[in-house]
Amino acid sequence: MSVILEVSDLQKTFGAVVAAKDINVSVSEHETIGIIGANGAGKTTFVNMVTGYLKPTSGRIQFLGQDIIHLPPRDITCLGISRSFQVPQVFMSETVFENLLMAYAIVEDTGLAMLSPIMSEERASRVDAHLKRYQIEDYRDAVASTLPQGVRKLLDIAMAAVRSPRILMLDEPTSGISVEEKFPLMDIIMEALKQEDTTVLFIEHDMEIVERYVARVLAFYQGEIVCDAPTEEALVDEKVREFVIGEEYHRTRIERAGTETGNA
Amino acid sequence: MTQQIVAIIVDGLVYSSYLFMVAVGLTVIFGVMKILNVTHGSFYAFGAYLAATLVGIYYETDLPEFGGFLMLFLAAITVGLFLGVILEQGLLRFLYHRDEHIIVLATFAMFLVLEDVIIMIWGVDPYFAYQPMALLEASDIAGVPFDNYSLTLILLALVVGTALWFGLTKTKWGKLLLAVIYDRELSQAMGINVTVVFLVTFVIGAMLGALGGAYLAPTISVSPGIGVEVIVLAFAVVVIGGMGSIPGAMIGAVVVGLSRAAAVHLFPEVELFVIYAIMAAVLAFRPEGLFAPAKARKI
Amino acid sequence: MRYVDKTVIGLTIAFLVLLAANFFLAEWMRFIGLQSLARGAVALGLLVLWRSGLISFGHALYFGFGAYTAVMLSLAGFSDAFILVFAATLMSGLLAFVIGFLLRRYRAIFFALLNMAFSMILYGVVVKTEALGSTDGFGVGTPTFLGYAPDGEAVQTTLFLFTLVFTYLITVGVHIYMQTTLGYMSMAVRENEIRVEYLGYSAEKVIHVKYVFSGLVAGFGGGIMALAIGHVDPDSMANWTVSGEFVFITILSGTGSVAATYIGALVFELIRTYAFEYAPQMWQFILGGSLLAIIMFLPDGIWSLIGRLRKAKA
């Protein structure tokens, strides 16, 4: 597995507040990584810096060997890093179909092709296939503002995935989703992304999700990565237990592991 | 040379005070209500007309001469209360939920209407209310003559500016207002009566606009169309200072006032557009004006 | 053929009808028609911007710049309408291209106001410059058309024909453009710029392109207006109230259809002409009152009336 994203010595300060400190991470192809940490630990700041929304105070971010720190979000997106948002960023007064049609059109039409009609049968069928992949075809003609939160989140992620990015960063894909819906939602997302061999990094608060879907964990605390390890190791790491998860989860996990005879 | 510098500085400060007086009402309304109020120009014009009329009537009587000044303030308060309440209650409150551009356009439409209302009431012939100005005579600073009335404008601007600053930061009402400015919905949820805050703010803004016109009335020929120029000047000042910021309006006014005075004395041909050039330049480097409010995280 | 739809057919019919009517119209009607087409073209540019969520309170800048380009060329000895109007269009487009680099960073009320600031710079320059005619402005000579030099009523008939052909082409062009990806980008930019950026496209670029287009058509409108009236002066071509009138027409027309901008411009022109004629002391009152009535009772513009009528029938 080759390294595609290399972050070194990343720092970000807002006035006196240190939002990111000495961040060093390298991400290889096909990895699935969970980013955990309390609110304000610097998770979203990290994602924002990698995707170009925030400029770091210092440090380097290299993607496929290219320095991307000075690039605006659109250029980083074009290079192959896409992202979703904690609050879904969709075209609220358009239908699900129109949202994805727009996404496909922006991705596919460049230069003078922008002056070709947005709608074509081929594109419509690609959109419909994408809707199926994310299992939101039932909502095809519903206006985005009327969607249930879970569907809107799926739409947001589906739009980010239109470009078939090398890396997809998901900002809390399950926040605001009910407990019963979480796993089905994640199944859909991970299944769809696996088909494309996308490298996934996602921010998550729910340790059960982390445990089930990721192989590697980055734990943030006060702007620093306090642990970067395979999931099994990370979840029992002392610092992670103290700063990120809190003892309670850990205890229930051990109990559960005891009764269920070590379900990984 | 010294004379020219003195002239530029004093003229500049007088003009700055004038600009502050015409801009401050606009910025108060924008700051609280997020409405760019084109009828501000009408408040100015109505203030000037009513002041000219009242001053005219006053000096027909034998009352003490300095009482004429009271007429200026009386005019401003009357116009502010009357027009402010009518416009807010009769028009704006129905539009708060609409697109901000539409609200601007509605105030533009109202401005057009009021332009002709002025002509209906006062006709097209100019009015003069020179008496208060004549009363104060002239003096000279370093050999340059100035009329004292214009100098009192600086005083008035300082008083109004300080009063607003005090009112906003030291009184309960001001704090309520700041809360509404910061987050309208949250304030509503906290039990602040935003409806009343809006009405009062609009009336205060209207009074300030009218006071600008009323106090300027003795120095100008009060004639149709005086509101048109004022409105763009006020916009420019407010945008330079940062929309909705009172210290911003003050700094904006001083920057523009001094530059214009310098232009008038040194390069008279650029006088008219120097203001807009400054506005464009400021915005090119500080998109939200000199005093930009902080912004919340979006994603 | 994929571009031909109901609107294109409708526009074509309207074009042919007007083309025929040109020979029968009374002079004053043709004059109102000319002005409506010129203003309608400017409003069309504003419509394109408005679909991206932006309104300019300063398009008198491009309108005036176009008009003054035409008049200065006319004074320099050029009389061909093709040269004058194309130069007007091009120069305004160029100006919009340059200013666009600054303005594309702004949104909402700042965009609207900054446009006004730039338009007031032009106004200030013109008013203060004798060489540009100062407050009095200039008269424009009678135009010729590719060597054809009409006189009398034929001047206006030919100018109307000329204007009609070009506004028709521009309008059909805009309608087709609205079906393209770039046209739909307006919606995307208006609704969520963050998403546009993260799909890999620059919202600013989209806005810039649209801005240049709006500048081009405003210049075109200005050039036509200069020839139609035969006179340019800063107050009727470059003042902020002129910009306000364009916004008025845009709101009056609504975003429903490209054709609506011309109907809006015609309604505006009629209100203004009649108000000015029958109540010269009240014309602003009437204009402002109409605008208020539209804002309050017809929020989606006059085009929505057609929709309502259809509903009522059904």
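On a predicted model such as this, the values are computed, not experimentally measured, just so you know. (Residues numbered from 1 in each chain as written. Chains lettered and ligands numbered in written order. Predicted model: local features only at pLDDT ≥ 70, side-chain atom pairs only at ≥ 80, totals over all residues. Heavy atoms only, no water.)

## Thoughts on the overall build of chain C
Now for step 1: When you go through chain C residue by residue, the secondary structure sums to 14 helices and two strands.
Now for step 2: Whereas a compact globule of 314 residues would reach a radius of gyration of roughly 20 Å, chain C reaches 19 Å, a difference of no more than 12%.
Now for step 3: The dimensions of chain C, computed from C-alpha atoms along their principal axes, are 55 × 50 × 45 Å.
Now for step 4: Within chain C, the proportion of its 314 residues that are buried is 61%.
Now for step 5: Of all intrachain contacts in chain C linking residues separated by at least 6 positions in sequence, the fraction that spans at least 24 positions is 80%.
Now for step 6: As presented, chain C carries roughly 12000 Å² of accessible surface, and 69% of it is formed by carbon and sulfur atoms.
Now for step 7: Between the averaged position of the 18 positive side-chain charges in chain C and that of its 17 negative side-chain charges there is a distance of 15 Å. (Helix = DSSP H or I, 4+ residues; strand = E, 2+ residues; numbered from the N terminus. Rg over C-alpha atoms; globule rule 2.2 N^0.38 Å. Buried < 20%, exposed > 50% of the residue type's maximum accessible area, 1.4 Å probe, protein only. Contact = heavy atoms within 4.5 Å. Areas by Shrake-Rupley, 256 points an atom, 1.4 Å probe, with all protein chains shown as cover. Lys, Arg positive; Asp, Glu negative; His and termini not counted. Charge placed at Lys NZ, Arg CZ, Asp CG, Glu CD.)

## Side note on the interface of chain C and chain B
Now for step 1: Taken residue by residue, the interface counts 43 residues in chain C and 46 residues in chain B.
Now for step 2: Together chain C and chain B conceal approximately 3900 Å² of surface at their shared face, both sides included; 80% is due to carbon and sulfur atoms.
Now for step 3: The tally of links from chain C across to chain B stands at zero salt bridges.
Now for step 4: Counting the contacts that link chain C with chain B gives five residue pairs in polar contact (both at pLDDT 80 or more).
Now for step 5: Those elements that place two or more of their residues in the side of chain C that touches chain B are α5 (108-128), α11 (240-253) and α13 (283-297) of chain C.
Now for step 6: Among the elements that line the side of chain C that touches chain B, the one with the most residues is α5 of chain C, at 15 residues.
Now for step 7: Of the residues in the side of chain C that touches chain B, the class split is 32 nonpolar, eight polar and three charged. (Buried area = accessible area lost by both parts, 1.4 Å probe. Salt bridge = Lys/Arg side-chain N within 4 Å of Asp/Glu carboxyl O. Polar contact = N/O pair within 3.5 Å; in protein donor to acceptor, adjacent residues only side chain to side chain. Nonpolar A, V, L, I, M, F, W, Y, C, P; charged D, E, K, R; others polar.)

## Observations concerning the pairing of strand β1 (residues 3-14) of chain A
All names here are of chain A.
Now for step 1: Pairing analysis gives eight bridges linking β1 to strand β2 (residues 17-28), with the strands arranged antiparallel. Paired with T13 across the bridge in β2 is V18.
Now for step 2: What sits between the antiparallel neighbours β1 and β2 is a turn of two residues, in which G15 has the positive phi angle 60 degrees.
Now for step 3: Strand direction decides the pairing type here: β1 and strand β4 (residues 58-63), joined by five bridges, are antiparallel. Note that in β4 the partner of L5 across the bridge is F63. (Pairing = 2+ DSSP bridges.)

## Some remarks on the interface of chain C and chain A
Now for step 1: With 23 residues of chain C at the contact, the number on the chain A side is 31 residues.
Now for step 2: Here chain C packs against chain A, burying approximately 2500 Å² in sum over the two surfaces, 63% of which is carbon and sulfur.
Now for step 3: When the buried area of chain C at its contact with chain A is split by residue, R195, Y198 and L199 of chain C rank highest and sum to 33% of it.
Now for step 4: Counting across the chain C and chain A interface gives two salt bridges.

## Looking at unusual backbone geometry
Now for step 1: Phi is positive for H30 of chain A, close to 65 degrees, though the residue is something other than glycine.
Now for step 2: Mapped onto the fold, H30 of chain A is located in the loop between β2 and β3 (32-37).

## Focus on the nonpolar core
Now for step 1: In terms of nonpolar packing, the biggest core is built from 281 residues, with Y134 of chain A, Y18 of chain B together with W240 of chain C touching the most fellow members.
Now for step 2: The element best represented in this core is helix α1 (residues 2-33) of chain B, accounting for 18 residues.
Now for step 3: Apart from the residues within four sequence positions on either side, Y134 of chain A is in contact with L154, I157, A158, A161, I188, A192 and L193 of chain A.
Now for step 4: With 30 residues, the next largest nonpolar core counts V27, I35, M49 and M169 of chain A among its residues. (Core = buried A, V, L, I, M, F, W, Y, C linked by side-chain atoms within 4.5 Å.)

## With respect to helix α2 (residues 27-50) of chain C
Now for step 1: Here α2 of chain C is 24 residues long and its end C-alpha atoms lie 34 Å apart, about the 34 Å a rise of 1.5 Å per residue gives.
Now for step 2: Along α2 of chain C, 20 of the 24 residues are buried, which leaves the element largely enclosed by surrounding structure. (Expected span 1.5 Å × (residues − 1).)

Treat this as a map of the structure, not an account of what it does.
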